[in-house]
Amino acid sequence: MAAERFSLEGVAAVPGVPKPDPVVVIDDLGRAFGGIQAVDVAHLEVQRGTITSLIGPNGAGKTTLFNVLTGFDRPQHGRWQLNGGPLVGIPAFRVARLGMVRTFQLTKSLARLTVLENLMVAAKDQVGESFWGSLFGNWRPIEAANEDKALASLERFGLRHMAGEYAGGLSGGQRKLLEMARALMVDPEVVMLDEPTAGVNPALTQSLLEHIKNLRRDGMTVVFIEHDMDVVQEISDWVICMSQGRLIAEGPPGEVARNPSVIDAYLGKHHGEIT
Ligand code: ATP
């Protein structure tokens, strides 16, 4: 996928700049909570096949933007598209099936399922979803195909040997891997990761970063929220910085890290975090 990454060369480091081959396009997106404008994005494009990181101080609006794009929250106004198709008003499960999926931390209910079951419930085609399928019992092939796919996904993330364990018993790092494995069950084009390395030890962080690079290698676009600037510098093709709901900078990682508006946004919140 190197050719696609390099196609960002020459793109100006200006907020809202058009990309040569955008997979996601956002226009005039606004989400407020009471008097707080959590997201206020005039225009944003995400280049296909890249690892794009979304940074910004606490409360910048990153998670809210993820929630809106993936159908888990509704904005007051705005338009956004995946591959040119509008996503406004489409619920989260359909957004995932259309190819854009976000990871979530393991909830209590998912912790009570096995690792394999966690993937099976995330599959696109499930037995219970088709009335005629469940009535006439032609669900076995679907179930078997989902299980094969789930096991292959667990293999990919080194969790195959944990398939029968309760997910609640996984370590913090293994849970992060499970979140990614679950996301791949819908054959996504765009994978959105919310702080994939948070709370993970340095050795496992390296392994997670390799898995993220492999998603790009396999043709997926990765957008991830990250607070660790070393991680951002290491794997991002492109960085987007938000502050107070707005895009304040975007560009290659080195350039964004030196951008005075980005430094100001961070210094206003946490002294010394971005160095
Ligand atoms: P962090 O890095 O700390 O996770 P963030 O950049 O993801 O922050 P958001 O969580 O999107 O920021 O929050 C943006 C703003 O919207 C904050 O001021 C937050 O308090 C507010 N906000 C987010 N969700 C809600 C909600 N459900 N109700 C009220 N206010 C909210």
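Note that the coordinates shown come from a computational prediction; the quantities given were computed from them, not determined experimentally.

Draft legend 1. Structural context of the site of the ligand. Around the ligand sit Phe-33, Ile-36, Ala-38, Gly-56, Asn-58, Gly-59, Ala-60, Gly-61, Lys-62, Thr-63 and Thr-64, and those are all the residues in its vicinity. With three residues, helix H2 (residues 62-69) is the single largest residue contributor to the shell around the ligand.

Draft legend 2. Representation of the environment of Val-239 in the model. Among the structural elements, Val-239 can be located in strand S9 (residues 238-243). For the pair Val-239 and Pro-253, spaced 14 residues apart in sequence, the C-alpha separation works out to 5.5 Å.

Draft legend 3. Representation of unusual backbone geometry. One non-glycine residue, Asp-28, lies in positive phi territory at about 50°. With respect to the helices, strands and loops of the structure, Asp-28 is situated in strand S1 (residues 22-33). Exposure remark for Asp-28: the 13 C-beta atoms within 10 Å place this residue in the partly exposed category. In the Ramachandran plot, Asn-83 falls in the positive-phi region, its phi being about 50° despite a non-glycine side chain. With respect to the helices, strands and loops of the structure, Asn-83 is situated in the loop between strand S4 (77-82) and strand S5 (85-86). Classification of Asn-83 by C-beta neighbours within 10 Å gives partly exposed; the count is 15.

Draft legend 4. How the structure looks around the sheet that holds strand S2 (residues 36-47). In spatial order, the strands read S2-S1-S4-S5; together these four strands make up an open sheet with antiparallel pairing. At either margin of the open sheet sits one strand with a lone partner, and together these are S2 and S5. By the bridge criterion, 10 bridges tie S1 to S2 in an arrangement that is antiparallel. In the strand pairing of S2, Pro-22 is matched with Gln-47.

Draft legend 5. Region of interest: helix H9 (residues 202-217). For H9, with 16 residues, the first-to-last C-alpha span of 23 Å sits near the 22 Å given by 1.5 Å per residue. Residues of H9 that are buried: Leu-208, Ile-212, Leu-215 and Arg-216. Buried residues of H9, viewed axially, fall in a sector of 100°; they line one side. Projecting away from the buried face of H9 at angles above 90 degrees are the exposed residues Ala-203, Glu-210 and Arg-217. Among the structural elements, strand S3 (51-55), helix H8 (172-183), strand S7 (190-194), strand S8 (221-225) and helix H10 (229-235) are those in contact with the buried residues of H9. The first or second residue beyond H9 is Gly-219, which carries a positive phi of 95°.

Parameters and conventions
Residues numbered from 1 in each chain as written. Predicted model: local features only at pLDDT ≥ 70, side-chain atom pairs only at ≥ 80, totals over all residues. Near = placed C-beta within 6 Å. Helix = DSSP H or I, 4+ residues; strand = E, 2+ residues; numbered from the N terminus. Buried ≥ 20, exposed ≤ 12 C-beta atoms within 10 Å, placed from the backbone. Pairing = 2+ DSSP bridges. Expected span 1.5 Å × (residues − 1). Arc of directions from axis to C-beta. Contact = placed C-beta atoms within 7 Å.

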